[in-house]
Amino acid sequence: MSESFPAPQALGTDIVGVPSGAAVELDASLESVSDGIWVSGSVRAQAIGECGRCLDEVRLDVDAAVQGLFAEEPVGSGEDEEEPEDVFEFDGENLDLEDVVRDAVVTALPFTPLCRPDCPGLCDQCGARLADDPDHAHEVIDPRWSALQSLTEQKES
C-alpha cells in the first residue's frame, strides 16, 4: 500500500517538525498475524525547523521506518504488565495509522537540527553570524585589569 496525504497536524517538536498540511508519503505492507495486523514500511516527508546554532531555517528530508502491531485486544501476559510501545488499537474495521506515522517521524528527527555540520553559530556577545564573518572577535579585557584600562584611556586624551 502506497499513500500520499497531508500531515494531519504538526509532526515533531517546536524546534523541528513536519508542518500541518505538508505532504507525507507512506509505503507500508499489512500482514495478518495471530495477535492482529502487523504494519511495516517507511514514511517520507520534509521537516522544517531552525538551526540550533545560527537560527537559520533548516529543511530536512525524513525517511523513517514504520512498524507496529494493531490488535483488537491488549497484548500482554498479565494484568500488571504494560502494553508494548509498538502495539496500537484496532477497532476491527479501520487502521488509524496516524500514531504509527507520528512515532516514526518524531524519532527520526534530530534533537538539535543544524543547517550544516560545521555551522559556527552566533557570537555569544553580539549575536553576529560567525559564518558571515569568520574573523569576528571581541577584545575581552579581564575585569581585574579594568582600572588600568582607564589609565591608558586618560593617557591617549
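Everything discussed here concerns the structure shown above.
Notes on the structure in this doc start here. (Residues numbered from 1 in each chain as written. Predicted model: local features only at pLDDT ≥ 70, side-chain atom pairs only at ≥ 80, totals over all residues. Heavy atoms only, no water.)

1. Details of the environment of Glu50
By secondary structure assignment, the location of Glu50 is in strand 5 (residues 36-50). Expressed as a C-alpha distance, the spacing of Glu50 and Val16, which sit 34 residues apart in the sequence, is 6.7 Å. Residues in contact with Glu50, not counting those within four places in the same chain, are Ile15, Leu55, Asp56, Glu57, Val58 and Pro113. (Helix = DSSP H or I, 4+ residues; strand = E, 2+ residues; numbered from the N terminus. Contact = heavy atoms within 4.5 Å.)

2. Examining a negative patch on the surface
A surface patch of like charges, here negative, comprises Glu72, Glu73, Glu89, Asp91, Glu93 and Asp96. Within the element layout of this structure, Asp91 appears in the loop between strand 7 (87-89) and helix 1 (98-108). (Patch = residues over 30% accessible without salt bridge, like charges linked within 9 Å, V, L, I, M, F, W, Y side chains within 5 Å. Areas by Shrake-Rupley, 256 points an atom, 1.4 Å probe, with all protein chains shown as cover. Salt bridge = Lys/Arg side-chain N within 4 Å of Asp/Glu carboxyl O. Lys, Arg positive; Asp, Glu negative; His and termini not counted. Charge placed at Lys NZ, Arg CZ, Asp CG, Glu CD.)

3. A word on the environment of Phe88
Residue placement: Phe88 occurs in strand 7. As for Phe88 and Glu72, which are separated by 16 residues in sequence, their C-alpha atoms are 8.6 Å apart. Here Phe88 is in contact with Gln67, Gly68, Leu69, Phe70, Ala71, Asp99, Val100 and Asp103, once residues within four sequence places are set aside.

4. Quick look at the pattern of salt bridges
One pass over the structure, following the stated rule, counts 7 salt bridges. For Arg59, the salt bridge is made with Glu57, and the minimal N-O distance between the two is 3.2 Å. Under the relative-accessibility criterion, Arg59 is labelled partly exposed at 47%. Glu57 sits in the exposed class, given a relative accessible area of 53%. A salt bridge links Glu98 to Arg102, with the nearest nitrogen and oxygen atoms 2.7 Å apart. Highlighted residues: Glu98 and Arg102, both in helix 1, separated by 4 residues, approximately one helical turn. Several salt bridges converge on common partners, so that one network encompasses Asp56, Arg129 and Asp132. (Buried < 20%, exposed > 50% of the residue type's maximum accessible area, 1.4 Å probe, protein only.)

5. Some points on the layout of surface pockets
When its volume is computed, the largest pocket comes out at roughly 230 Å³. Surrounding the largest pocket, 10 residues form its lining, Gln67, Asp86, Asp103, Ala104 and Thr107 being those nearest its centre. Here the lining of the largest pocket gets 4 residues from one element, more than from any other, and that element is helix 1. (1 Å grid on protein atoms, 1.4 Å probe; cavity = no way out; pocket = protein on both sides within 12 Å on 5 of 7 lines; lining within 4 Å. Points joined across faces, edges and corners; volume = space filled by probe spheres on them.)

6. Some words on the nonpolar core
One finds Val18, Val24, Leu26, Val43, Phe70, Val101 and Val105 to be the most contacted residues of the largest nonpolar core, which totals 24 residues. Secondary-structure elements contributing two or more residues to this core are strand 3 (16-18), strand 4 (23-33), strand 5, strand 6 (57-71) and helix 1. Discounting residues that sit within four places of it in the chain, Val105 has contacts with Leu11, Val18, Val43, Val62 and Ala64. (Core = buried A, V, L, I, M, F, W, Y, C linked by side-chain atoms within 4.5 Å.)

7. Here we look at unusual backbone geometry
In this model, Leu55 sits at a positive phi of 70°, which is unusual for a non-glycine residue. With respect to the element layout, Leu55 can be found in the loop between strand 5 and strand 6.

8. Describing the side chain of Ser42
Note that Ser42 resides in strand 5. Here the side chain of Ser42 touches Arg44 through a polar contact of 2.9 Å, side chain to side chain. (Polar contact = N/O pair within 3.5 Å; in protein donor to acceptor, adjacent residues only side chain to side chain.)

9. Overview of the pairing of strand 5
Taken together, the 2 bridges between strand 3 and strand 5 define a ladder with antiparallel strand orientation. Note that in strand 5 the partner of Val16 across the bridge is Gly49. Following strand 4, the chain reverses through 2 residues before pairing antiparallel with strand 5. Sheet analysis places strand 5 next to strand 6, joined by 14 bridges and oriented antiparallel. Residue pairing for strand 6: Ile48 is matched across the bridge by Arg59. Here strand 5 folds back onto strand 6, and the loop between the two strands holds 6 residues, one of which, Leu55, carries a positive phi near 70°. (Pairing = 2+ DSSP bridges.)

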